[in-house]
Amino acid sequence: WDLLGLEIDMNRKKDKGFETPLFLNVLTCYVMFIPHTTHQVVCINNINFQRKSVIGFVELTIFPTVVNLNRIKLNSKQCRIYRVRVNDLEAPFIYNDPTLEVCHHESKQRNLNYFSSAYTAAVSAVDPDAGHGELVIKVPSELWKQGDEMNVLKVYIEFSLDQPKGGLHFVVPDVEGSMAERGAHVFSFGYQNSTRFWFPCVDSYSELCTWKLEFTVDASMVAVSCGDLVETVYTHDMRKKTFHYVLPIPTAASNISLSVGPFEILVEPYMHEVTHFCLPQLLPLLKHSMSYLHEIFEFYEEILTCRYPYSCFKTVFVDEAYVQVSSYASMSIFRADEWVLKGISGYIYGLYLKKTFGVNQYRHWIKEELDKMVEYELKMGGVLLHPTFGGGKDKDNPTPHLHFSIKHPHTLSWKYYKMFQCKAHLVMRLIENRISMEFMLQVFNKLLSLASTASSQKYQSHMWSQMLVSTHSFLKSISNVSGKDIGPLIKQWVDQSAVVKFFGSFAFNRKRNVLELEIRQDYTSSGTQKYVGPIKVTVQELDGSFNHTLQIEENSLKHDIPCHSKSRRNKKKKIPLMNGEEVDMDLSAMDADSPLLWIRIDPDMSILRKVEFEQADFMWQYQLRYERDVVAQEESILALEKFPTPASRLALTDILEQDQCFYKVRQGACFCLAKIANSMMSTWTGPPAMKSLFTRMFCCKSCPNIVKTNTFISFQSYFLQKTMPVAMAQLRDIQNLCPKDVLNFILDLIKYNDNRKNKFSDNYYRAELIDALTNSLTPAISISNEVRTVDNLNGDVRLILEEITRSLNMEKLLPSYRNTITVSCLRAIRMLQKNGHIPSDPSLFKSYAEYGHFVDVRVAALEAVVDYTRGMHRTSPSEVSRTHPIPYVVHKILSMLGKNPPFTKAAESPLCNEALVDQLWKLMNSGTSHDWRLRCDAVNLYYTLFGLTRPSCLPLPELGLVLNLKEKKAVLNPTIKPEQGPDTTEMTGITMGVHIPVMGFTSSEDEIDMESPHDSQAFIHHHLNILERPSTPGQHPVKHPALIILLSDNLEPPAVDQAVLSLPVTPLPSSFGKESTSSSKHSGDHHHHHHHHEHKKKKKKKHKHKHKHKHESKDKERDSHAFSNSPASGRSARSPSMSD
């Protein structure tokens, strides 16, 4: 059960932050021409769970910002529009959504560069911040004069939604009883600004207005939305009731949400303005989960010295959630530049983490986030927080190293977006280091005060723009409050992408008593930049710890640091540490001539960097034992893996025995010790690593192989008890097998596990023991011609398989919390298959992957199927029944395929074939138009498998780009002559195959043929009907890789692609098939099958030779496709073509 929060303040940030868009295209010249919405009414008067449909209307109060306003553009996706009225007059309208199908009628072009530019153009075409939208309404001419007088316009729109693929998610369990008894519920969801998926609006975070929200539902249901619940009115027959909400604080449409279900309600006992909602029978869990919420409120209000800005706060727990936490209608007062928003929420979350869980946990989290972000930037080439667009080629694409555009939130890769959030809060921490935490909190308070004042201006909607925060206003506040200029810091980390990569080494000059430190940089690799500025170095000497600030200059590499201590010989004296503590150390390991114990570069992580530092093994061992900073201890554990010596073994064992050591450091030490033990295999003495320690800490004294009854009172001990068996299972003997006594020891832990007297569940502990069994597996020794069966299994492996089977069967009778043990068992079975102990067969995983199992189980099973697809390189023998699509699960599948692809662009594979290319292309081109995140996931997968250019497995394109490397030009194959017809010029790129000449846009905006409401409604009706028809006629069967089945089973494609995406896959048209197999044979007449490929290049002169190609520059080609021919070109009604 995941959490969907409504009206969620920064305290519900957790790891998600405020859900707002990466609004990098800051409003500039468009402001004066966009009509301003001041108020909106949303009324949904029918929600049908059986049909999964919604009927309602919206009414927008619009204040014209220009005279003679004759067009109003709104955002609306999926909605069927029935009628539009402006000030009670019927108004004609046109609907066009270029994102439904990005590349139109285009069958052979499979180039990701082409797709990305077309997709960016499509998103731009309906971008509300640029004055665009999918729905264009013509203001009746009678009202034009009214625009002169600047009177308000009331736009009334009736709409319905039928089986929405995105925006609203219906959960209707297939069991007996009424909808309420079945726990049926519906909730809004989406990636970034996705409110347009469930009602017409201006779907922008920069367009604020007040709201009135009305929802009519069955009497047994509860409707939860944003704002104050003013009243609940029953119908005369008491079968339905209407919930009336009012939101007086100006809020963006993107922050409006809805949940409807038979919810149980809990009012927060400590704060009556807070209400929680959950599905039936989950109230005890809800009380436990929310018991700490009032403390978080108190922390945030105290740290920001500001009251929570809304009069109420609601959290709703739902099933099949899109993300762990979604926040709505809360801090929409923070907007505009996404990095500021995400940075502030992440920064304050860090402060809460530090207060609640301590400095160690906070510093561990910062190191984890920094490492994650640095790894991503070095791999992908950089994350840019505040790009600027326009003004030259470089500015138009500030991130040429990426395979997607960062111009819009809807074109961003999900992983990039997560790293963007991560980098934003790390940069906020750098700003805090520069100006102090006190000033930082004052800046936040000032921003909140300005926003609060602006929101209270009820009748001055032009003041509401002060509720939006930009980089400029944020920096201005910092300057006013602190008096410091942080321009260079912003330029380095916000206006530029990439991180810094340091390499450090040193020598001690005994004569001068000087530390000669060398710091080199790599700024030529992908994702790196040159750093010039201060860097802190901490040196631990015999007489104490000393900080030095060095200046990294353009060409300086070597730095001399004077030492404060002299080397000692046999003098016993306590050594002072950084925290003031004095300790006894055994100095026998150190260099007798040097007073240096250890050295750290940038210990406070005040640069976004990766540091590789070389120092002797004894220095790392001293650092692990005596440095009190968890980051230093974790760095030394990582370094000691390279030094498998008895001294390293002793240092790690000492850490494991220290109760006061941070538990995550001890967990890391377990795995490091296992690696060192494996490297020291021939010289290792005594029992296997950690076994005697575990026995002493957790087993009975009288019988060492029997573990004590579980108590889990000490969480530090619990985490160690959970981790040690998993690490021990990684130990190997001379034959590269897991030692027999280690395996028996783990099996005994499972056998004698007793949780009867424990108040805590042991499901995570038991799951880790199954993981330990998995870690103990090694590849089977294959005997030629021997068929692998369960009967001829190795004895140890048989014991493991029996234990896994028993646990899996027990789970069916007594399921563990979140089915953690099932998840571990599925991973173990896949590992047995991979190591050749049991036959590789995906059928078990496919059964667990079906809809109806708990989501964690489905994801684990699908992970195994993905791994199977990679390992076997063959088509799947069977198909899984089509399952109910859950966006989160499909997102996980695409992410897992991207992380563990069946093949990559660099390798040959039988799975790399035309059918797969076709399937994936259609998935990203039109199959995921209902979910931005899924579309970006599909683009990522396509890039992983095939790269930016045309996939190598495809035949030479008859109609596609031909690259001439010598002349550095790209052209379309000119041998295709366009089919002549009466309206060939009109047909370029018509949206989704809709061709209605009478309704087409002409070259002038004022000539749009939308004079009568009847015609415009017919257009929409026709348009939606077209979408429900299959787009391709009969086709030949194609063999299906498991990967295609995997995608199809978990993603119901929109009806437009039903024929293409349904299983089994139907073939391409016969003429198409022939063409691909014998392209040269049909080159003369195949244009008949491609009449939908119209290009303006047809006007150019014919060629002497059939297979010679005309050339034009790549840029020109891209422009002509992405911005001229494609309906994704984003032509607004100002310069329309038939495609619109």
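Summarised in this report is the structure supplied together with it. (Residues numbered from 1 in each chain as written. Predicted model: local features only at pLDDT ≥ 70, side-chain atom pairs only at ≥ 80, totals over all residues. Heavy atoms only, no water.)

## Remarks on the overall build of the chain
Right, on to step 1. From N to C terminus, the chain includes 31 helices and 30 strands.
Right, on to step 2. Long-range pairs, those at least 24 residues apart, make up 75% of the contacts in the chain between residues at least 6 apart in sequence. (Helix = DSSP H or I, 4+ residues; strand = E, 2+ residues; numbered from the N terminus. Contact = heavy atoms within 4.5 Å.)

## A few points about the nonpolar core
A general feature of soluble globular proteins is that nonpolar side chains tend to end up buried together.
Right, on to step 1. In this structure, I137, W339, I431 and F474 are the most contacted members of the largest nonpolar core, which totals 294 residues.
Right, on to step 2. Here this core gets 13 residues from one element, more than from any other, and that element is helix α8 (residues 414-435).
Right, on to step 3. Not counting the four nearest positions on each side in its chain, I431 is found in contact with W339, S436, M440, F474, I478, I486, L489 and I490. (Core = buried A, V, L, I, M, F, W, Y, C linked by side-chain atoms within 4.5 Å. Buried < 20%, exposed > 50% of the residue type's maximum accessible area, 1.4 Å probe, protein only.)

## With respect to the sheet that holds strand β20 (residues 500-509)
Right, on to step 1. Across the sheet, which stays open at both edges, the 4 strands sit in the order β24-β21-β20-β28 with mixed pairing between neighbours. Since the sheet does not close on itself, it has two edges, and those belong to β24 (558-562) and β28 (609-613), each with one partner. When strand polarity is set aside, the average angle formed by the axes of neighbouring strands in this sheet is 25°.
Right, on to step 2. Summarising the sheet, strand β21 (residues 514-521) and β24 pair through 5 bridges and their orientation is antiparallel. Counted as the bridge partner of L517 is H559 from β24. (Pairing = 2+ DSSP bridges. Axes fitted to C-alpha atoms, helices over the stretch in contact; angles between N-to-C directions.)

## Here's the deal with the packing of helix α25 (residues 914-927) against helix α26 (residues 932-946)
Right, on to step 1. Between α25 and α26, whose axes approach to 8 Å, the crossing angle comes to 150°. Compared by their axis directions, α25 and α26 come out roughly antiparallel. Between α25 and α26 lies a crossing whose hand is left-handed. Listed contacts from α26 to L916, V917, L920, W921, L923, M924, N925 and S926 of α25 are R935, A938, V939, L941, Y942, L945 and F946. (Parallel < 35°, antiparallel > 145°, perpendicular 65-115°, else oblique. Left-handed = near helix turned anticlockwise from the far one by under 90°.)

## So, the environment of T235
Right, on to step 1. Assignment of secondary structure puts T235 in the loop between β14 (228-234) and β15 (240-252).
Right, on to step 2. Taking the relative accessible area as the measure of exposure, T235 reaches 32% and is therefore partly exposed.
Right, on to step 3. At 2.7 Å, the side chain of T235 and the side chain of D237 are in polar contact. (Polar contact = N/O pair within 3.5 Å; in protein donor to acceptor, adjacent residues only side chain to side chain.)

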